[in-house]
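Chains, contacts and geometry: an overview
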Amino acid sequence: MSIRNLDKLLAPKSVALIGATPKPGSVGAVLARNLFHAGFAGPILPVNPKYPAIEGVFAYPDVQSLPVVPDLAVICTPPATVPGIVAQLGARGCRAAIVISAGFGELPNNAGKALEQEMLDAARPYLMRIVGPNCLGAMVPAIGLNATFSHVAPMAGDLAFVTQSGAMATAIVDWAAPRKIGFSHLVSLGDMSDVDFGDMLDWLATDGKTRAILLYIEAVTQARKFMSAARAAARLKPVIVIKAGRHAEAAKAAASHTGALAGADAVYDAAFRRAGMLRVYDIDELFDAVATLAAPALPGGPGEGGDRLAILTNGGGLGVLATDTLMDQLGHLAPIDADTQSKLDKVLPPTWSHGNPVDIIGDADGARYRAALDVLLQAPGVDAVLALNCPTAIASSVEAAQAVIDGAKGAKIPVLASWLGGTQNALAARALFADARIPSYETPDKAVRGFMHLVRYRQAQRNLMEVPDAAPEMLAPDPTAARAIVDAALAAGQEWLSDPQVRGVLAGYGFALPRGELVADATSAVLAAVRIGGRVALKIVSPQILHKSDVGGVALNLDGPRAVELAAAAMIERVKAKRPDAVVTGFLVQEMVRRPDAHELILGVSEDRQFGPAILFGQGGVSVEVVGDTAMALPPLNVKLARELVGATRVSRLLRGYRDRPAADLAAVELALVRLSQLICDLDSVAELDINPLLADASGAIVLDARIRVRKPGSKVHAARLAIEPYPSDLVETLELDGIGKVKLRPVRPEDAPLIDGLIDHMSAEDRRMRFFAPVTRLTRPQLARLTQIDYDREMAFVCERRDDPEGLLGVVRLAADPDRARAEYAIALRSDLKGLGLGRRLMIRILDYAKARGVGEVYGEILRENHNMVELCRVLGFEIKAVTDELDMVHATIAMAAWGERAEAAAQ
């Protein structure tokens, strides 16, 4: 349901407290005290039949007795009473409730889950939103709403904190209070029976009073919804997340805590990166990250190779400590080239370190700091500068801080600082940095951690720009043949594909495979080896044996028929001894791939219970579990995302070559990952896939062994499928337009931002005013990003282009739907010289067809009354045109999609 009625929850005009009580120490009493004494301006209505008044305010015996309909109800009654109370509130017109009571889905029995469902069933007819149950409640300090049983109220501020854990909420408030950190919202979601992280992200993303969103997550319930909301929010403001339950024992505790099942932590990590969020690991780091990402230089911050840090210090030891932390966090020291060193030589004493860290010696004053900083800010290969200061009796720390602040003004890269000490001078220096909005940290290691926050955040933001195709043209796969193999296996009742079936599926997606033959017995294996020629590998074939090497089912480097014959006989004996239950159906004879410099890699796919298919890459071979060098990503992948996945592993350094070992063909490895992504996007019956090993060297990448598990579509896990909507290449079409010619209509891509900018240039000033309701000459970078970096699961924009047209785009039409798709707003823009040729009509018909196909209930648009052409087009298409009562110069156009099917045919004439 997403943001429907969340205004009643987070911006209520009236609140009812069901279960209010004066009983000291009770939840109902604390809730009443917090509600009545937080400064809420609207009526607060306590409900309890046992007391005439609560907190000096008249109490009502039941919901029916309330004199007004509350926007928000807070319920803290026994769990068995909650469904009935929710039904009564809904019937009265209440549209939001916070259920504090526990005893629902978090219990390890069916009774609690049934009661929770009963509560949701009671709320559904009224579109009533439920936060909880089993939660702390919600606080909105700016409006004086404290609907929690927290022991302390937060300051008003611009950070939103959303958490599953009520204890984390109170801990955060307690931690933030002495540090003068304030909140726009603080919401404890508890069991997330209805309102969840996706809903809150959707609401907070467009909330003008929220600068950054902080999340404490134990589990995500609806992955596609969460990813859509997170990606939309992260495009607008920083989203920083703590994910608890990183280890199996903690995940088990989290599951018993909230009743939600968490998937693998590595998959969550991949999801957070892909959604443009920054993951941190403790409360202190959470707020440090907020301060770091608020730095004014962030938009121009670390670039493509943005982990190169220059360290400027007056103490060598501080520089060494910072360097250690930087290496631990996989960052890099910025190189000091000869020109930069020469410039530093001119402004620093001869005893400076002549390298990075740039140690400017303990007697460094403000002038020396400024001179060195000026050089480093202009140095090539420097992505950020960290200034460190250790207090001395020779030079003023405060003066040095001011010098750094002055030097950082107008800098195109981030400047961070760490002024050590607890004296008044150090505190004064940190205050100066805070006023100048330069991130400042108490220790060098925290400062480096802050820098790496910038690096990871910018990397995650770049990931948001990547929109892989569902079917990349460069692959030219054969999904029909592969799907036929899978369907045949399922029809035969197979769970695991046979070796020939696996080879057939992989061949259909262009994977390189060694020549091989499937044979029934040892004699046939000898003949196959002769036909293949040279040395061969022999592998056992059995439906019951997945890991062949574990049972001695692999023999390598067999030279000649006699060697194959003996190996086959010995293999049968070994397998019989280790797996007497296994039915051996034959052997696979393969050419022996000789690549002495090759690296063994693993590529795999598994289905996470929350996020669906996840792709794994890492160092392969028989010791893959022991080595533990793997990373994960969510499909779909393109080459850039595949490259990042490879780079997240230690083996990637080996693949680049070392000593006399040449670099592997990284492009071939990346392409193999893109092929795997394509396969998993196409074949929804593939539940698990392992390629181990994939041999990679300078000549390419080849699959030596693989296995695939399948299952019939329709399972619970299958229903979620991909957590991220791929680029909808199936929506690309070619049209022939009178007066214009042949054009392509396709969904927008992030790289279309310059083309959108060009389209604006080809619109007259009057047309731009009609489109944007204000005089517009250029769109800002955030505006262009918002128009081109869309989530195809909830938005669409079709751009129209003519092949090889130097003028760029001809027009664009877009649709932005509510998260629940009840309504969607359209917008359209055309080149001014193409008006009147029917392009606008075709674009509008296309977007309305799309809206109906996606299940949108109603499409609407706001139009300037004087925009007669647009008003008339909407009227012809069947829109209802109404005046906007509080906007005399506007009209409101709406059309119900239920009626569009009939109108579409007429409109197309």
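1. What about the overall build of the protein chain?
- A tally of helices and strands in the protein chain yields 31 helices and 38 strands.
- When its C-alpha atoms are laid out on the principal axes, the protein chain stretches across 100 × 80 × 70 Å.
- Counting across all 909 residues of the protein chain, residues that qualify as buried make up 55%.
- Pairs at least 24 apart in sequence give 71% of the contacts found in the protein chain among residues at least 6 apart.

2. Quick notes on the packing of helix α5 (residues 166-176) against helix α10 (residues 283-293)
- The geometry of α5 relative to α10 is characterised by a closest axis approach of 11 Å and an angle of 60 degrees between their N-to-C directions. By the angle between their directions, the pair α5 and α10 is classed as oblique. Here α5 and α10 pass one another in a crossing that is right-handed. Within the contact between the two elements, α5 uses M168, I172 and W175 and α10 uses I283, D284, L286 and F287.
- A breakdown of the residues in the contact of α5 with α10 according to their chemical character gives six nonpolar, no polar and one charged.

3. Side note on the sheet that holds strand β6 (residues 96-99)
- Strand order in this open sheet of five strands is β2-β1-β5-β6-β7, and the pairing throughout is parallel. Every interior strand has two partners, whereas the edge strands, β2 (44-47) and β7 (129-131), have only one. Neighbour-to-neighbour, the strand axes of this sheet turn through a mean angle of 20 degrees, independent of strand direction.
- Taken together, the four bridges between strand β1 (residues 15-18) and strand β5 (residues 72-75) define a ladder with parallel strand orientation. When the sheet's bridge partners are listed, L17 is paired in β5 with V74.

4. Some details on the packing of aromatic side chains
- In the structure shown here, the tally under the stated rule is 10 aromatic pairs.
- Plain terms: the ring middles of Y369 and W419 are 5.7 Å apart, the flat faces sit at 40 degrees to each other, and that makes the pair tilted. A residue pair is termed long-range when its members are at least 10 positions apart, and Y369 in helix α13 (residues 366-378) and W419 in strand β19 (residues 415-419) qualify at 50 residues.
- Taking relative accessible area as the criterion, Y369 reaches 0% and is therefore assigned buried.
- Feature note: the residues W175, F183 and F287 constitute an aromatic cluster, connected by ring pairs.
- For the cation-ring pair, R749 lies above Y727, with the distance from its terminal atom to the ring centre recorded as 3.7 Å.
- The lysine or arginine in question, R823, covers the ring of Y860, its NZ or CZ lying 4.0 Å from the ring centre.

5. A short note on unusual backbone geometry
- Omega for the peptide link from N356 to P357 comes to 10 degrees, which places this bond in the cis form.
- Inspection of the secondary structure puts P357 in the loop between α12 (338-347) and β17 (358-359).
- The residue after P635, namely P636, is reached through a cis peptide bond having omega 0 degrees.
- Note on placement: P636 falls in the loop between β27 (630-633) and α22 (639-647).
- For N5, which is not a glycine, the phi torsion comes out positive at approximately 65 degrees.
- One non-glycine residue, L127, lies in positive phi territory at about 50 degrees.

6. Things to note about the environment of L755
- Looking at where L755 falls in the secondary structure, it is placed in helix α26 (residues 753-761).
- Here L755 falls in the partly exposed class, since its relative accessible area comes to 30%.
- A C-alpha to C-alpha distance of 38 Å links L755 and G604, two positions 151 residues apart in sequence.
- Those residues in contact with L755 that lie beyond four places of it in its chain are R746, G808 and L809.

7. A few points about the sheet that holds strand β8 (residues 137-140)
- Ordered by their spatial adjacency, seven strands build an open sheet running β9-β8-β11-β10-β12-β13-β14, and the pairing between neighbours is mixed. Strands at the two margins of the open sheet, each flanked by one partner only, are β9 (145-148) and β14 (278-280). Going across the sheet, the axis of each strand differs from the next one's by a mean of 25 degrees, ignoring polarity.
- Pairing between strand β10 (residues 155-163) and strand β11 (residues 182-188): seven bridges, direction parallel. Paired with L159 across the bridge in β11 is F183.
- Sheet strands in contact with α10 are β10, β11, β12 (212-217), β13 (239-243) and β14, and its direction is about 165 degrees off that of β13.

8. Comments concerning the state of the cysteines
- As enumerated under the stated definition, the model contains zero disulfides in all.
- Here C76 is not cross-linked by a disulfide; its sulfur's nearest cysteine counterpart is in C135, at 11 Å.
- Judged by its relative accessible area of 16%, C76 is buried.
- The exposure class of C135 is buried, given its relative accessible area of 4%.

9. As for helix α4 (residues 110-123)
- When the terminal C-alpha atoms of α4 are compared, their 20 Å separation across 14 residues agrees well with the 20 Å that a helix rising 1.5 Å per residue should span.
- The complete set of buried residues in α4 reads G112, L115, E116, M119, L120, A122 and A123. Around the axis of α4, the buried residues are gathered within 160 degrees of arc, so they sit on the same side. When the buried face of α4 is taken as reference, the exposed residues oriented beyond 90 degrees from it are N110 and A111.
- Looking at the packing, one finds that the buried side of α4 touches α3 (82-92), β6 and β7.

10. Considering the nonpolar core
- The biggest cluster of nonpolar side chains holds 63 residues, and the ones touching the most others in it are L215, F226 and F611.
- Considering every element that reaches this core, the biggest residue donor is helix α7 (residues 223-234), with seven residues.

11. What to know about the pairing of strand β29 (residues 700-703)
- Residue alternation in β29 divides its side chains into two sets, G700 and I702 and A701 and V703, and both sets are buried.
- Between the antiparallel neighbours strand β28 (residues 686-697) and β29 lie two residues.

12. Some remarks on the pattern of salt bridges
- Enumeration over the complete set of coordinates arrives at 51 salt bridges.
- The partner of R273 in a salt bridge is D269, with the nearest N and O atoms 3.4 Å apart. Of this pair, R273 and D269 both sit in helix α9 (residues 265-274), four residues apart, roughly one helical turn.
- Take R273: its relative accessible area is 26%, and that puts it in the partly exposed class.
- Classification of D269 by relative accessible area gives partly exposed; the value is 22%.

13. A look at the side chain of K548
- Structurally, K548 is set in the loop between β22 (536-541) and β23 (554-558).
- Among all residues touching K548, those that are not within four sequence positions of it are D499, K539, I540, G553, V554 and D705.

14. Quick word on the pairing of strand β34 (residues 809-817)
- Within β34, eight of the nine residues are buried, which leaves it mostly tucked inside the rest of the structure.
- Relative to β34, strand β33 (residues 795-801) is paired through seven bridges, and the arrangement is antiparallel. Paired with E795 across the two strands is A816, which belongs to β34.
- Pairing analysis gives seven bridges linking β34 to strand β35 (residues 823-830), with the strands arranged antiparallel. Looking at the pairing, A817 lines up with A824 of β35.

15. Remarks on the side chain of Q590
- Here Q590 shows up in strand β24 (residues 586-591).
- Only 2.9 Å separates the side chain of Q590 from the side chain of K539, close enough to count as a polar contact.
- With near-sequence residues (within four places) excluded, Q590 lies in contact with R503, P514, R515, G516, I532, V536, A537, K539 and L704.

16. Section: helix α29 (residues 839-853)
- When the terminal C-alpha atoms of α29 are compared, their 21 Å separation across 15 residues agrees well with the 21 Å that a helix rising 1.5 Å per residue should span.
- Taken together, the buried positions of α29 are occupied by L839, G840, L843, M844, I845, R846, I847, L848, Y850 and A851.
- Just downstream of α29, G855 is the residue with a positive phi angle, here 80 degrees.

17. Things to note about the packing of α22 against helix α24 (residues 666-682)
- Relative orientation of the contacting elements α22 and α24 amounts to 110 degrees, with a least axis distance of 9 Å. Between α22 and α24, the angle is such that the two are roughly perpendicular. Judged by the sense of rotation from one axis to the other, the crossing of α22 with α24 is right-handed. Of the residues in α24, those in contact with V639, A642, R643, L645 and V646 of α22 are L666, V669, E670, L673 and V674.

What counts, and at which threshold
Residues numbered from 1 in each chain as written. Predicted model: local features only at pLDDT ≥ 70, side-chain atom pairs only at ≥ 80, totals over all residues. Heavy atoms only, no water. Helix = DSSP H or I, 4+ residues; strand = E, 2+ residues; numbered from the N terminus. Buried < 20%, exposed > 50% of the residue type's maximum accessible area, 1.4 Å probe, protein only. Contact = heavy atoms within 4.5 Å. Axes fitted to C-alpha atoms, helices over the stretch in contact; angles between N-to-C directions. Parallel < 35°, antiparallel > 145°, perpendicular 65-115°, else oblique. Left-handed = near helix turned anticlockwise from the far one by under 90°. Nonpolar A, V, L, I, M, F, W, Y, C, P; charged D, E, K, R; others polar. Pairing = 2+ DSSP bridges. Phe/Tyr/Trp six-rings, centres within 6.5 Å; stacked < 30°, edge-to-face > 60°. Lys NZ or Arg CZ within 6 Å of the ring centre and 35° of its normal. Disulfide = S-S within 2.5 Å. Expected span 1.5 Å × (residues − 1). Arc of directions from axis to C-beta. Core = buried A, V, L, I, M, F, W, Y, C linked by side-chain atoms within 4.5 Å. Salt bridge = Lys/Arg side-chain N within 4 Å of Asp/Glu carboxyl O. Polar contact = N/O pair within 3.5 Å; in protein donor to acceptor, adjacent residues only side chain to side chain.

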